[in-house]
Structure formats: C-alpha cells, structure tokens
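# Architecture at a glance
This is what each chain is made of:
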Amino acid sequence: MTAHVTPRERVLAAIEHRQPDRVPIDVGGTSFSTIIGQAYERLKAYLAVDAETRYMKRKSRSAILDEAVALRLHTDTRPLLVGSPDGWQDVYYDDGSFRDEFGVIWRSAGDGHYAPTGNPLQEATLGDLDAYPWPDPLDPGRTRGLGEKARALHQETDYAVILSLPVGFVHLSQYLRGYEQWLMDIVLNPRFLDALMDRTLDWWLALADAVLAEVGPYVDVVAFGDDVAFHDRPMLDPERYRRLIKPRHREMVDCIKARSGAKVLYHCCGTVKSLVPEFVDIGVDALNPVQVSSADMGTSALKAEFGEYICFWGGVATQRVLPSGTPQQVRAEVQRRIADLAAGGGYVLAAVHNIQEDVPPENILAMADAAAGL
C-alpha cells in the first residue's frame, strides 16, 4: 500500500530534490503565484463560490483564495501575509492613484496594473536619506496575530505554509528613486545608490527579523521578490551584480535561514539563466517564476544544467497559452513543463507570475487538473 503523502511533504520533497507522488501545485500560495482581480471573480462565479474577495496586495489585485477555490485547484500551499502598520491607510486621489506608506505614488496603467510613477527620492541627495520619514519596520500591526495564524496553519492543516515577505531592497530602492534614475545611479551616482540600497536593506532585514521571530518555527517556505533581470538579459553586468546585488541578497537569505527552518523561494522575472549559479551560491532553494517567454529560458535546458542544485517553481506560460489557448492546449503546456522539470523532484508547478485578468476559468481548471493527473 502506498503511504499517504501530505501537501506539505509533497512540496518539501520537490524542493529537496526527492521524487514526490505527483508534482506539487501552487496557486495562491504567494503574492506572485495567485490569481488577479477579474480572473478570480470569474472563477468564483464559475465554481458557484459566493465569498467576499480579499486581496494580498491592492495595487496588484492579487487574490487570497477562498478555501473552496483552493481545494478545487488542488493547490498544496497556503499563504501567510505580513500585516499593515497600525493606523495606516493608503491615501487615494481623485484620479485613482494612491500613495503608500513610503510616499511612493502608484498609478493604474491601461491594463489595470499599478506602476510607481511618483518617486519621492528621485531628486534626493545623500543628506536627504537620513531626513526621510522611513516607515517603522517594527510597527506592531505588521506582526499582530501572525504567530497564531502561522501556528494554526502548521498544526491544524497539512499544507505547505508560505510566508510572503515584502519586496527586497532592489525593488524598494527603485520605487523610491524611480527606475530610470536608479539605473543611471549605477554609473553616475554609485555612492548614493549604495547608501539607498543599504537603507532599504536595513529596513527589510529589521522587518524580516521581527516577522520571523513570530512565525519562524511554523513556516515551510519564505518567499520574496526582487527582479534583477530584463526580458532579454540580466539587469547588470556580472561584476556589478556581484558587487551591488549579490552580497545584499545573501544577507536576506541568511536572515531567513538563521531565524527559521524554512526553504527560500526567490522570485525574479526575466532572463536569469546566467544568474542561477549565483542564486544557488547564496542559498536560494527555489526559483520562481521560470519565465519561459524570456530569452534562454527553455525548461529542458534549465533542468539539465541546474536541476540538481535548485528547485524550479512556475513555468506554465501566462503570456499566450493560459489566456489564449484552449483547455487542451493548456493541458499540453502543463504536461510539457512536468516532462521537462519534474523528474527526480525539483519542480513545483505554477503559472509564470500571477494568473492574469484575461485567463478564463476553464483554463485555470485545466492547468490544475492536468497537474493533479486528472
């Protein structure tokens, strides 16, 4: 008789490069692997699930799946989310934009996504960094009730519990400075950029330390996102990446591992194949989203070169197949990624980033059912 395998055991087996009973499935386990806005509303209606929608992040409209939806999608993961600071509410303006706790202005683009168009440190100098009103990473609202929720998920369910931490210092410094100015700073103002990234890293480490002090024993995976690649190449040349980014990311990974027994799931979009050895070197256990539409991101080649060193998490194409394909084509896409990535463990199946607004319910269900072998 085959022993029963729990979802938590299934996910951990895959991350540890042991062959699970089936490929683990993640839909809704993190802020970058869930379902967006109207796609989730249509799925709920299709499944006749009458429940209020709650969001992980308002600006991305990333849904917290109702338990009935999560069960139908066979997902092996459950999310754990950091709270908001006491008394803070995003400030909304008449044009629909809003200001977050860092003072960044977010504005909706034509497709509904929000972009950081108001960057409060765009004109800043070194002296301005100390005077800036940084939010308190230790505000008690961020962790209130989090330990109890983590303990309940760990002890009362058998799902893999995934803690989503805020974006890392790369993204946060870009939001504050502005993408264009941040990129120019790499060459024209490196002293300022170093100082800005140190401040944002310190903020992240302080928050992560406080959160993990509450939930460390109860989480199986800790996830964070910090893109360092474009669609066709890494964001930085190797020397600058190893000087500016890698040591700071190592501090983040070390913080997680020193304060928990959790695996580290790192989200980085784009063409990252040349960076995978760097991620492995700093202790990343699993890499998301495996953006197969980006240059040099073929899944069979990634598995052949790096499959014994890192777990791939994602891979199901969201750019064309999920929104535009038939359910049969979605099934074929899932089967292809499983064939490429799942042998010997080392693969958690998920969509490439969040399932977007234009994906029909039939295709979401086809992805989940095919992954579950149904």
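Structure: see above.
All values derive from a computational prediction rather than experimental measurement. (Residues numbered from 1 in each chain as written. Predicted model: local features only at pLDDT ≥ 70, side-chain atom pairs only at ≥ 80, totals over all residues. Heavy atoms only, no water.)

## A short note on the side chain of Thr-318
For clarity, the cut-off: The helix count covers DSSP runs of H or I at least four residues long, the strand count covers runs of E at least two residues long, and both are numbered beginning at the N terminus. The rule is simple: take the accessible area with a 1.4 Å probe, protein chains only, and divide by the maximum for that residue type; under 20% is buried, over 50% is exposed, in between is partly exposed. Any N or O atom pair separated by 3.5 Å or less is treated as a polar contact, with the protein-specific requirement of one donor-capable and one acceptor-capable atom, and with residues adjacent in sequence counted only for side-chain atom pairs. We call two residues in contact whenever any of their non-hydrogen atoms come within 4.5 Å of each other.
Position of Thr-318 among the secondary structure elements: in the loop between β12 (311-316) and α12 (321-324). Judged by relative accessible area, which is 17%, Thr-318 ranks as buried. Of note is the side chain of Thr-318, whose polar atom sits 2.8 Å from the backbone oxygen of Val-352. In this structure, Thr-318 is in contact with Pro-323, Ala-351, Val-352, His-353 and Asn-354, ignoring residues within four places of it in sequence.

## Topic: the sheet that holds strand β3 (residues 77-81)
Worth spelling out the cut-off: What makes two strands pair is DSSP finding at least two bridges between them. Between N-to-C directions, angles cover 0 to 180 degrees, with each direction set by a line fitted to C-alpha atoms, over the stretch in contact for helices.
Taking strand neighbours across the sheet as the criterion, the 7 strands line up as β3-β8-β9-β10-β11-β12-β13 in an open arrangement whose pairing is parallel. For this open sheet the edge positions go to β3 and β13 (347-351), each flanked by a neighbour on one side alone. Taking each pair of neighbouring strands and ignoring which way they run, the sheet shows an average axis angle of 25°. As judged from the 5 bridges shared by β12 and β13, these two strands associate in the parallel manner. Bridge pairing in β13 places Gly-315 opposite Ala-350. Seen against the sheet, helix α5 (residues 146-156) touches β3 and β8 (160-164) and runs at an angle of roughly 170° to β3.

## Description of the sheet that holds strand β5 (residues 98-99)
As summarised here, the arrangement of the 4 strands in space is β4-β5-β6-β7, forming an open sheet in which the pairing is antiparallel. One side of each edge strand has no neighbouring strand; the edge strands of this open sheet are β4 (91-92) and β7 (114-118). Pairing between β4 and β5: 2 bridges, direction antiparallel. Looking at the pairing, Tyr-92 lines up with Phe-98 of β5.

## Quick notes on the nonpolar core
The nonpolar side chains of a soluble globular protein tend to be buried, and buried together. Applicable threshold: Take the buried residues of types Ala, Val, Leu, Ile, Met, Phe, Trp, Tyr and Cys, join any two whose side-chain atoms come within 4.5 Å, and each joined set is a nonpolar core.
Grouped together as the largest cluster of nonpolar side chains are 104 residues, with contacts concentrated most on Ile-35, Leu-73, Leu-165, Phe-279 and Met-367. Excluding its chain neighbours within four sequence positions, the residues that come into contact with Ile-35 are Val-27, Tyr-40, Leu-43, Arg-61, Ser-62, Ala-63, Leu-65, Leu-73, Ile-355 and Ile-364. Counting 14 residues, the second-largest nonpolar core is a separate cluster that includes Ile-15, Ala-286, Trp-313 and Ala-350.

## Some words on the pattern of salt bridges
How we decide: Note on definitions: salt bridges are taken to be side-chain nitrogens of Lys or Arg within 4 Å of carboxyl oxygens of Asp or Glu.
Counted by the stated rule, this structure contains 29 salt bridges. Note that Arg-10 and Asp-76 form a salt bridge whose closest N and O atoms lie 2.7 Å from each other. One end of the pair, Arg-10, is in helix α1 (residues 7-15); the other, Asp-76, is in the loop between α3 (67-72) and β3, with 66 residues separating them in the sequence. We note a salt bridge from Glu-278 to Arg-242, for which the minimum N-O separation is 2.7 Å. Taken together, the positions of Glu-278 in helix α10 (residues 276-282) and Arg-242 in helix α9 (residues 238-258) put the pair 36 residues apart, joining distant regions of the chain. Residue classification places Glu-278 among the buried residues on the basis of a relative accessible area of 10%. Among the charged side chains, a network of salt bridges with common partners joins Arg-242, Lys-246, Arg-250, Glu-278 and Asp-281.

## Remarks on unusual backbone geometry
Residue Pro-289 is bonded to the preceding Asn-288 through a cis peptide linkage, with omega at 10°. Following the sequence through the fold, Pro-289 ends up in the loop between β11 (286-288) and α11 (299-306). The phi dihedral of His-17 is positive, around 60°, even though this residue is not glycine. By the element assignment, His-17 lies in the loop between α1 and α2 (37-46). Of note, the phi angle at His-353 is positive, near 65°, even though the residue is not glycine. Looking at the element boundaries, His-353 is found in the loop between β13 and α14 (361-371). You can call His-353 partly exposed: its relative accessible area is 29%.

## Comments concerning the packing of helix α6 (residues 169-177) against helix α7 (residues 179-188)
For clarity, the cut-off: Should an angle lie under 35 degrees it is considered roughly parallel, over 145 roughly antiparallel, and from 65 to 115 roughly perpendicular; all remaining angles are considered oblique. Crossing handedness is read from the near helix: turned anticlockwise from the far helix by less than a right angle, it gives a left-handed crossing, and turned clockwise, a right-handed one. Following the grouping adopted for this structure description, the nonpolar residues are Ala, Val, Leu, Ile, Met, Phe, Trp, Tyr, Cys and Pro, the charged ones are Asp, Glu, Lys and Arg, and the polar ones are all others, Gly among them.
Where α6 meets α7, the axes come as close as 7 Å, and the angle between the chain directions of the two elements is 110°. Taken together, the axes of α6 and α7 are roughly perpendicular relative to one another. Both α6 and α7 take part in a crossing whose hand is right-handed. For the pair α6 and α7, the contacting residues are Val-170, His-171, Ser-173, Gln-174, Tyr-175 and Arg-177 in the first and Tyr-179, Gln-181, Trp-182 and Asp-185 in the second. Looking at the contact of α6 with α7 residue by residue, the class counts come to 4 nonpolar, 4 polar and 2 charged.

## With respect to the packing of aromatic side chains
Given two aromatic rings, their pairing is described by the distance between the two centres and the angle made by the two planes. The cut-off we apply is this: The aromatic pairing rule takes the rings of Phe, Tyr and Trp, using the six-membered ring of Trp, and pairs them if the centres are within 6.5 Å, calling planes under 30 degrees apart stacked, those over 60 edge-to-face and the rest tilted. Working rule: Lys NZ or Arg CZ, within 6 Å of ring centre, within 35 degrees of ring normal, means a charge sits over the ring.
Taken as a whole and assessed by the stated rule, the structure comprises 9 aromatic pairs. Centroid distance Trp-106 to Tyr-175: 4.8 Å. Interplanar angle 75°. Geometry classified as edge-to-face. With Trp-106 in strand β6 (residues 105-108) and Tyr-175 in helix α6, the pair connects residues that are 69 residues apart, well separated along the chain. Like Tyr-175, Trp-106 is buried. Ring geometry for Tyr-132 against Trp-134: centres 5.6 Å apart, planes inclined by 75°, an arrangement best described as edge-to-face. Tyr-132 gets classed as buried once you look at its relative accessible area, which sits at 15%. Connected via pairs of aromatic rings, a cluster forms that spans Trp-204, Phe-224, Tyr-266 and Phe-279. A cation over an aromatic ring shows up here: Arg-78 above the ring of Tyr-159, its NZ or CZ 3.5 Å from the ring centre.

## A look at the pairing of strand β1 (residues 54-57)
Relative to strand β2 (residues 62-64), β1 is paired through 3 bridges, and the arrangement is antiparallel. Along β2, the bridge assignment pairs Arg-54 with Ile-64. Counting the residues in the hairpin turn of β1 and β2 gives 4 residues, including Arg-61, whose phi is positive at 55°.

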